[in-house]
Amino acid sequence: MAFTFTNSYLQGVYEDVCKKNAHEPEFLQAVGEVLESLQPVVEQNQRLAKSGVIDRIVEPERSLLFRISWVDDHGQVQVNRGYRVQFSTAIGPSKGGLRFHPSVNLSIIKFLGFEQVFKNSLTGLPMGGGKGGADFDPKGKSDNEVMRFCQSFMTELQRHIGPDTDVPAGDIGVGAREIGYLFGQYKRIRNEFNGVLTGKGLSYGGSLARTEATGYGLCYFADEMLKAAGKSFQGQSVVISGSGNVAIYANQKATELGGKVIAMSDSNGYIVDENGINYKVIQEIKEVKRARIKTYLDYVPTAKYFEGCQGIWTVPCGIALPCATQNELPLEGAKALVEHGCFAVAEGANMPSTPEAVAWFQEHGVLFAPAKASNAGGVATSGLEMSQNSMRLSWSFEEVDQKLHTIMRNIYHNAANAAAEYGMEGNLVAGANIAGFMKVADAMIWQGVSY
């Protein structure tokens, strides 16, 4: 992928990152996109080059790779790889999810951890950036197999995390079940009950509204972006890729804001229901039955199902919310959305749009909300869970939701203001990168080069 650099210092940093990480395409994509946005900032702030902040921020503080051995239900020993990348602790302990999926590798974990640095900074909460996971697939595994895997995973990970060091959470493949098993093993080994993990169950320190937070936050951010352009969700058809946690609650909130969600997907295909997809049905299919999205037709026979998930971008809509996985929305999908009248795209997954797709949206005047800003609601509420754990208090759903709404509004305005300040008004990609970066860079400069 090609990035355009007019600043020789940033070009040199990017070329050096490419040499060192040549086989990590996702990570290189994330770094290139951020550095490209920072060019006007570096031009106006020479101390950034002098202090070597950018040279340091593209290198994780530490990267952990470890073996996970566990025994399946047939008595066979299985071996997986586990990862944890603690990218930055400049403004607080590392914070970021754990992903259990066969596609997990070091490149993906580093890209997610790098993005998390800026996303966490944007929330205004004292959290650094990190990410972790394993190439383990929970699908098709029994509860006992998942428990044994999680216990083995945490037996190693517990050496490197803590409420003031690194606080993991859930991500793809790591939901309430997995977080429970992980927390139980941590407590058993360390003999400590603390806020080392977020996304916990309500009975042992979890936060109300955490489950809904990423999807709700996505829509709060999108709504603020739409309002600034004189638009809204009201009366608009909405397409949401994915059918996991983020997509389900984005459906709920988009509907509450007046939109009508007409399409959702999973890795096999997508459904279209012109009458509006009921999020509670998707919730039952995915969270209770753990079935494929095609099952929606058993509940709503008038809906339509299409094999393959890429076709979802051809469904005519006003607003698109990609909520599945990285690079799921390519240039062809962006062209189809624009052709069929889409005027706003807000990312619910991590980096779901390719650079070519983002450029197409921007060139064609589509309102575009980048993931590190628009999907920050999950980690923001995880930060609120950390606060509640520290105080040994629990806030009501309404209190957490109100704080989340305020955080997402502030993220939008901070990103929009940063873009305008550096001559890129309306470019929320650049604005989010700049606003997130400046806080971390300032902290790194104050803490000295040895940091």
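Just so you know, these numbers come straight off a predicted model, no measurement behind them.

## Concerning the UniProt feature "site: Important for catalysis" (unreviewed entry) in the chain
Here is step 1 of the chain: Mapped onto the present numbering, the UniProt feature "site: Important for catalysis" (unreviewed entry) falls on Asp-171.
Here is step 2 of the chain: Not counting residues up to four positions away in its chain, the partners in contact with Asp-171 are Gly-97, Leu-98, Arg-99, Lys-131 and Asn-350.
Here is step 3 of the chain: Only 2.6 Å separates the side chain of Asp-171 from the side chain of Arg-99, close enough to count as a polar contact.

## With respect to the packing of aromatic side chains
Here is step 1 of the chain: This structure, assessed with the given rule, holds 22 aromatic pairs.
Here is step 2 of the chain: Ring geometry for Phe-100 and Phe-153: centres 5.2 Å apart, planes at 70°, overall edge-to-face. One end of the pair, Phe-100, is in strand β3 (residues 94-100); the other, Phe-153, is in helix α7 (residues 143-157), and 53 residues separate them in sequence.
Here is step 3 of the chain: Taking relative accessible area as the criterion, Phe-100 reaches 1% and is therefore assigned buried.

## Observations regarding the domain arrangement of the chain
Here is step 1 of the chain: Taken domain by domain, the chain comprises domain 1 (8-58), domain 2 (62-190) and domain 3 (212-369).
Here is step 2 of the chain: For domain 1 and domain 3, the distance between their C-alpha centroids amounts to 32 Å.

## A few points about the pairing of strand β2 (residues 77-88)
Here is step 1 of the chain: Where strand β1 (residues 62-71) and β2 come together, ten bridges link them in antiparallel fashion. If you follow Ile-68 over to β2, its bridge partner there is Asn-80.
Here is step 2 of the chain: Taking the residues between adjacent antiparallel strands as the criterion, β1 and β2 are bridged by five residues, where Gly-75 takes a positive phi near 80°.
Here is step 3 of the chain: Strand direction decides the pairing type here: β2 and strand β4 (residues 129-134), joined by six bridges, are antiparallel. Counted as the bridge partner of Arg-84 is Gly-132 from β4.

## Points about the sheet that holds strand β8 (residues 269-272)
Here is step 1 of the chain: If you trace the seven strands from one edge of the open sheet to the other, you get β9-β8-β7-β6-β10-β11-β12, paired in mixed fashion. Taken across any chain shown, the strands that pair with only one partner, and hence form the sheet edges, are β9 (304-307) and β12 (367-369). Recorded for the sheet is a direction-independent mean angle of 15° between the axes of neighbouring strands.
Here is step 2 of the chain: Relative to strand β7 (residues 260-265), strand β6 (residues 237-241) runs parallel, the two being bridged by three bridges.

## Observations concerning the UniProt feature "binding site: substrate" (unreviewed entry) in the chain
Here is step 1 of the chain: According to UniProt, the "binding site: substrate" (unreviewed entry) feature falls on Lys-95, Gln-116, Lys-119, Gly-170 and Ser-382.
Here is step 2 of the chain: You can see Lys-95 is positioned in strand β3.
Here is step 3 of the chain: We classify Gln-116 as buried; its relative accessible area is 4%.
Here is step 4 of the chain: Contacts of Gln-116, omitting those with residues within four sequence positions, involve Lys-95, Gly-96, Gly-129, Gly-130, Lys-131 and Val-379.

## Details of the nonpolar core
Across soluble globular proteins, nonpolar side chains have a tendency to be buried as a group.
Here is step 1 of the chain: Membership of the largest hydrophobic core comes to 57 residues, with the highest contact counts inside it found for Ile-240, Met-264, Tyr-296 and Leu-321.
Here is step 2 of the chain: Take this core: its biggest share by element is nine residues, from helix α9 (residues 210-228).
Here is step 3 of the chain: Counting contributing residues per domain, this core is built from domain 2 (62-190) and domain 3 (212-369), each supplying no fewer than three.
Here is step 4 of the chain: If sequence neighbours within four positions are ignored, Met-264 has contacts with Ile-240, Gly-242, Ser-243, Ala-247, Ile-248, Asn-251, Tyr-270, Ile-271, Ile-277, Ile-282, Ile-293 and Ile-312.

## Section: the packing of helix α2 (residues 25-37) against helix α6 (residues 106-122)
Here is step 1 of the chain: Direction vectors running N to C along α2 and α6 enclose 25°, while the axes themselves pass 6 Å from each other. With respect to α6, the element α2 is oriented roughly parallel. Contact residues: α2 offers Pro-25, Glu-26, Phe-27, Ala-30, Val-31, Glu-33 and Val-34, while α6 offers Ser-107, Ile-108, Lys-110, Phe-111, Phe-114, Glu-115 and Phe-118.
Here is step 2 of the chain: The residue inventory of the contact of α2 with α6, partitioned by class, reads nine nonpolar, one polar and four charged.

What counts and how
- Residues numbered from 1 in each chain as written.
- Predicted model: local features only at pLDDT ≥ 70, side-chain atom pairs only at ≥ 80, totals over all residues.
- Heavy atoms only, no water.
- UniProt positions renumbered as here; feature names shortened; annotations may be inferred.
- Contact = heavy atoms within 4.5 Å.
- Polar contact = N/O pair within 3.5 Å; in protein donor to acceptor, adjacent residues only side chain to side chain.
- Phe/Tyr/Trp six-rings, centres within 6.5 Å; stacked < 30°, edge-to-face > 60°.
- Helix = DSSP H or I, 4+ residues; strand = E, 2+ residues; numbered from the N terminus.
- Buried < 20%, exposed > 50% of the residue type's maximum accessible area, 1.4 Å probe, protein only.
- Domains from an automatic or database assignment.
- Pairing = 2+ DSSP bridges.
- Axes fitted to C-alpha atoms, helices over the stretch in contact; angles between N-to-C directions.
- Core = buried A, V, L, I, M, F, W, Y, C linked by side-chain atoms within 4.5 Å.
- Parallel < 35°, antiparallel > 145°, perpendicular 65-115°, else oblique.
- Nonpolar A, V, L, I, M, F, W, Y, C, P; charged D, E, K, R; others polar.

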